[in-house]
2 protein chains.
Amino acid sequence: MNLSEIIQPIKKELLEFEKTFKKEMLSKVKLLNIIAHYILKQKGKRIRPTLVLLSAKLVGDINETTYHAAALVELLHTATLIHDDVVDESNMRRGFPSINAIWGNKVAVLIGDFFLAQGLLLSLKHKEYKFLHITSEAVKRMSEGELLEIQSSRGNDFDEETYFRIISDKTASLISACCELGAASASEDDFIIEKLKFFGENLGIAFQLRDDLLDYLGDSAITGKPTGADIKEGKITLPLIYALKNSPRKESRHVMKIIKNNPTNKDIYYVIDFVKNYGGIDYTLKIAEEYLDKAKQFIIDFAESPAKESLLKLTDFVLERVS
Amino acid sequence: MNLSEIIQPIKKELLEFEKTFKKEMLSKVKLLNIIAHYILKQKGKRIRPTLVLLSAKLVGDINETTYHAAALVELLHTATLIHDDVVDESNMRRGFPSINAIWGNKVAVLIGDFFLAQGLLLSLKHKEYKFLHITSEAVKRMSEGELLEIQSSRGNDFDEETYFRIISDKTASLISACCELGAASASEDDFIIEKLKFFGENLGIAFQLRDDLLDYLGDSAITGKPTGADIKEGKITLPLIYALKNSPRKESRHVMKIIKNNPTNKDIYYVIDFVKNYGGIDYTLKIAEEYLDKAKQFIIDFAESPAKESLLKLTDFVLERVS
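Rules used in this analysis
- Residues numbered from 1 in each chain as written.
- Chains lettered and ligands numbered in written order.
- Predicted model: local features only at pLDDT ≥ 70, side-chain atom pairs only at ≥ 80, totals over all residues.
- Heavy atoms only, no water.
- UniProt positions renumbered as here; feature names shortened; annotations may be inferred.
- Axes fitted to C-alpha atoms, helices over the stretch in contact; angles between N-to-C directions.
- Helix = DSSP H or I, 4+ residues; strand = E, 2+ residues; numbered from the N terminus.
- Parallel < 35°, antiparallel > 145°, perpendicular 65-115°, else oblique.
- Left-handed = near helix turned anticlockwise from the far one by under 90°.
- Contact = heavy atoms within 4.5 Å.
- Nonpolar A, V, L, I, M, F, W, Y, C, P; charged D, E, K, R; others polar.
- 1 Å grid on protein atoms, 1.4 Å probe; cavity = no way out; pocket = protein on both sides within 12 Å on 5 of 7 lines; lining within 4 Å.
- Points joined across faces, edges and corners; volume = space filled by probe spheres on them.
- Buried area = accessible area lost by both parts, 1.4 Å probe.
- Salt bridge = Lys/Arg side-chain N within 4 Å of Asp/Glu carboxyl O.
- Domains from an automatic or database assignment.
- Polar contact = N/O pair within 3.5 Å; in protein donor to acceptor, adjacent residues only side chain to side chain.
- Buried < 20%, exposed > 50% of the residue type's maximum accessible area, 1.4 Å probe, protein only.
- Phe/Tyr/Trp six-rings, centres within 6.5 Å; stacked < 30°, edge-to-face > 60°.
- Lys NZ or Arg CZ within 6 Å of the ring centre and 35° of its normal.
- Least-squares fit on C-alpha atoms with pLDDT ≥ 70 in both.
- Expected span 1.5 Å × (residues − 1).

Under an unreviewed UniProt entry, the name given to chain A is Octaprenyl-diphosphate synthase, and the source organism is Candidatus Chryseopegocella kryptomonas. The Cofactor (unreviewed entry) comment attached to chain A in UniProt states, word for word, "Mg(2+)". The Sequence similarities (unreviewed entry) comment attached to chain A in UniProt states, word for word, "Belongs to the FPP/GGPP synthase family."

### A look at the packing of helix α4 (residues 47–59) of chain A against helix α5 (residues 64–87) of chain A
Residues and elements named next belong to chain A. Remark: α4 packs on α5, axes separated minimally by 8 Å, with the N-to-C direction vectors making an angle of 160 degrees. Comparing their axes, α5 and α4 come out roughly antiparallel. Handedness of the α4/α5 crossing: right-handed. Across the interface between the two elements, R48, P49, V52, L53 and A56 of α4 pack against T66, Y67, A69, A70, V73, E74 and H77 of α5. By residue class, the composition of the contact of α4 with α5 is eight nonpolar, two polar and two charged.

### A short note on the layout of surface pockets
Residues and elements named next belong to chain B. The calculated volume of the second largest pocket comes to roughly 2,000 Å³. What lines the second largest pocket is a set of 45 residues, among which R48, L81, T171, Q208 and D211 lie closest to the centre. Put simply, the parts of the chain that give the lining of the second largest pocket at least two residues each are α4 (47–59), α5 (64–87), α8 (129–154), α9 (160–186), α10 (190–217) and α11 (229–233). Of the residues in the lining of the second largest pocket, the class split is 13 nonpolar, 10 polar and 22 charged.

### Re the interface of chain A and chain B
Contacts between the two partners involve 41 residues from chain A and, on the opposite side, 41 residues from chain B. When the two sides are added together, the surface that chain A and chain B hide from each other amounts to roughly 4,000 Å², 68% of it contributed by carbon and sulfur. When residues of chain A are sorted by the area they lose upon contact with chain B, V87(A), K106(A) and L147(A) head the list and together hold 15% of the total. Joining chain A to chain B, the criterion identifies six salt bridges. E146(A) is paired through a salt bridge with K106(B); the nearest N and O atoms lie 3.6 Å apart. Secondary structure elements with two or more residues in the side of chain A that touches chain B: α3 (30–41), α5, α7 (105–125), α8 (129–154) and α9 (160–186) of chain A. Per-element accounting of the side of chain A that touches chain B gives the leading share, 15 residues, to α8(A). Looking at the side of chain A that touches chain B residue by residue, the class counts come to 20 nonpolar, seven polar and 14 charged.

### Some thoughts on the domain arrangement of chain A
Residue and element names in this part refer to chain A. The assigned domain composition of chain A is domain 1 (9–188) and domain 2 (189–323). Taken together, the 32 residues of domain 1 in the interface contact 37 residues of domain 2. At the junction of domain 1 and domain 2, the tally comes to three salt bridges. Across the salt bridge formed by D190 and K130, the nearest N and O atoms sit 3.5 Å from each other. The interface formed by domain 1 and domain 2 holds nine residue pairs in polar contact (both at pLDDT 80 or more) in total. Of all the secondary-structure elements, those providing two or more residues to the side of domain 1 that touches domain 2 are α4, α8 and α9. Tallying contributions element by element places α9 first for the side of domain 1 that touches domain 2, with 14 residues. Partitioning the side of domain 1 that touches domain 2 into residue classes produces 14 nonpolar, eight polar and 10 charged.

### Description of the environment of P306(B)
All names here are of chain B. For P306, the location among the structural elements is in helix α16 (residues 306–318). Assessed through its relative accessible area of 55%, P306 is described here as exposed. For P306 and I10, which are 296 residues apart along the polypeptide, the C-alpha to C-alpha distance reads 9.2 Å.

### Description of the environment of K106(A)
With respect to the secondary-structure elements, K106(A) resides in helix α7. Exposure remark for K106(A): the relative accessible area of 27% places this residue in the partly exposed category. Every residue in contact with K106(A), bar those within four places of it in the chain, is listed here: D84(B), V87(B), D88(B), E146(B) and I150(B).

### Side note on the packing of aromatic side chains
Tallied over the full model, the rule gives 19 aromatic pairs over all chains. Considering the side-chain rings of F198(B) and F298(B), the 5.5 Å spacing of their centres and the 35 degrees angle between planes classify their relative orientation as tilted. Taken together, the positions of F198(B) in helix α10 and F298(B) in the loop between α15 (280–297) and α16 put the pair 100 residues apart, joining distant regions of the chain. By relative accessible area, which is 32% here, F198(B) ends up partly exposed. For F298(B), a relative accessible area of 25% corresponds to the partly exposed category. Put simply, the rings of Y38(A), F96(A) and W103(A) pair up and form one aromatic cluster. One cation-aromatic arrangement involves K195(A) over F302(A); the distance from NZ or CZ to the ring centre is 5.6 Å.

### Side note on the relation of the copies chain A and chain B
What connects the two chain copies is a rotation about an axis and a shift along it. Mapping chain A onto chain B calls for a screw motion: a turn of 180 degrees about the axis and a shift of 0.0 Å along it, with 0.0 Å RMSD after fitting. Such values leave the two copies arranged in the relation of a two-fold axis. Closest approach to the rotation axis within chain A is made by the C-alpha atom of Y129(A), at a distance of 3.9 Å. When the interface residues of chain A are mapped onto chain B, 100% of them are again interface residues, pointing to one common binding face.

### Quick word on helix α2 (residues 11–25) of chain B
Residue and element names in this part refer to chain B. The end-to-end C-alpha separation of α2 is 21 Å, in line with the 21 Å expected for 15 residues at 1.5 Å each. Residues of α2 that are buried: E13, L14, F17, E18, T20, F21, E24 and M25. Contacts from the buried residues of α2 go to α3 (30–41), α4, α5 and α7 (105–125).

### Quick notes on the side chain of T135(A)
Residue and element names in this part refer to chain A. Along the polypeptide, T135 turns up in helix α8. Residue class for T135 comes out buried when judged on its relative accessible area of 6%. Non-local contacts of T135, meaning those with residues more than four positions away in its chain, are made with L72, L76 and L181.

### Quick look at unusual backbone geometry
All names here are of chain B. Despite not being glycine, R46 shows a phi value in the positive range, around 60 degrees. On the basis of relative accessible area, R46 is assigned to the buried category, the value being 6%. A positive phi is found at R94, a non-glycine position, where the angle reads about 50 degrees. Within the secondary structure, R94 sits in the loop between β1 (92–93) and β2 (96–97).

### Some points on α5(B)
All names here are of chain B. Look at α5: 35 Å from first C-alpha to last across 24 residues, which is about the 34 Å you get at 1.5 Å a residue. Most of α5 sits out of view: 20 of its 24 residues are buried. Immediately downstream of α5, the backbone of E89 shows phi near 50 degrees, a positive value.

Put into structure tokens, the structure is as follows:
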């Protein structure tokens, strides 16, 4: 995704955000500051703060509280990544050794906890309780969504309804929260805040559909080859759910057996072909486009502005590298 | 510690707390509920809710918000234990297989995150922002304290001042928060709330001094043999800090060398004897008693009541099994 165009209307504000963010990461403990500087050096894409800032700008003026909201979500996001690397035993992140690889698991978990606490305290200090409510609700949904996904992948009960509940909770919740936070920081109008919340929810679902599609199609910007990582992990996503439902019973049973029995690379390509042949890709693409259209509808009535253009561009980018 | 006497004045209220706590642990996700029931089955000692309830009862009446505060700290504590087991790769907890041992690291981390979010949402829902502030501050201090401890154990800069900063942040912060939360739930008087906060702070420091002493003395209720676990991990605690400072330079250097070079069991007994000979035990005991006396001073002016008696008894219990 080409972010430089999208961040154009909030370029100055993103720099301001960095200041707030950095300040919240620092502490009186030296070791903590060394690690904070290490993290700040490998700057992430700042997609979540970008959504916060653009949403605020769309509905009003970016202000002090907008930066707090952006720092809150980025602190949460940073903590989540650090904790994820511990759980997944990853040694690399963004091309650098991960925190756990350098400082060990214990330090990594503690740093994550510290960032979470700092995010909470930032909002509490400024009495931004609404931000806390939006963010905690998202954290709750994220953990529930991931747990539901694990539960489903261990059982045999996947259907479209469960799938959409999972991706809505595990992915769309935080993207939706970013847009809602930004709007809530710049507007008092609940109707307007809701619009941005739903914009984010639909955008987030499309994001996850895109990710799930790329597992079958490969990302043209990287290798163009499908990775089949979800199939390997036993994750049943929409392309496969659709193909399973729309194929002869004998074939779908065969595919299920393959997935449940540590599939080899050959097996994975078999499953990918199966999904393509029974329309799983086309169907998922169609649904993703529908969600993007729906997302756009929630912001279409706002007056034309650079922020609006950027948010619309963002929705166009989602499926850019797919197909 | 014999808790049954101490909880006498709040026995009914602890049962009421269990209801609130259980309700907050449940969710619409089946897997989550299975795990929640598993956790509830191996009931912990509920020391933190006990402190919340006794503190509330000391200063006023236990009410609905007291249960929320107690549930908030116990959710936080439960999440911390689950995450700790992941970091330490522990397979057992309270005599049962740990969550990570049964359901894997990913699920364990997610469950912990869910409990944290539920705690936050419980306070947010009831607009108990003060509780959130107290608790987030404690979480921040806990992570800072543990990070400072790791930083110090890697370097050579331990002195009493750093040691007390570490144990105050990593241990006393949460105990202090429990007492402050309880008081804040039952009183509007900032002066009274502060008293309970300081009571908890001093009690918490004494608790940690006791733990650090037991590493050299052994817990008479268990084996009576010192474990030397801190020495093995390179943790320099007060008994050792004192002995190092009050021994001839040649001897203290020798001991430091031993500690820094993966000490054997024989080495550890040598260090334990060194600490005893140079008065590290007696000094630490004396300091612990001073903190307990200080703790008592903060509640001594309250009218006699079963809650007060219990809190005083609790301070007496701290050093009961030591020496």
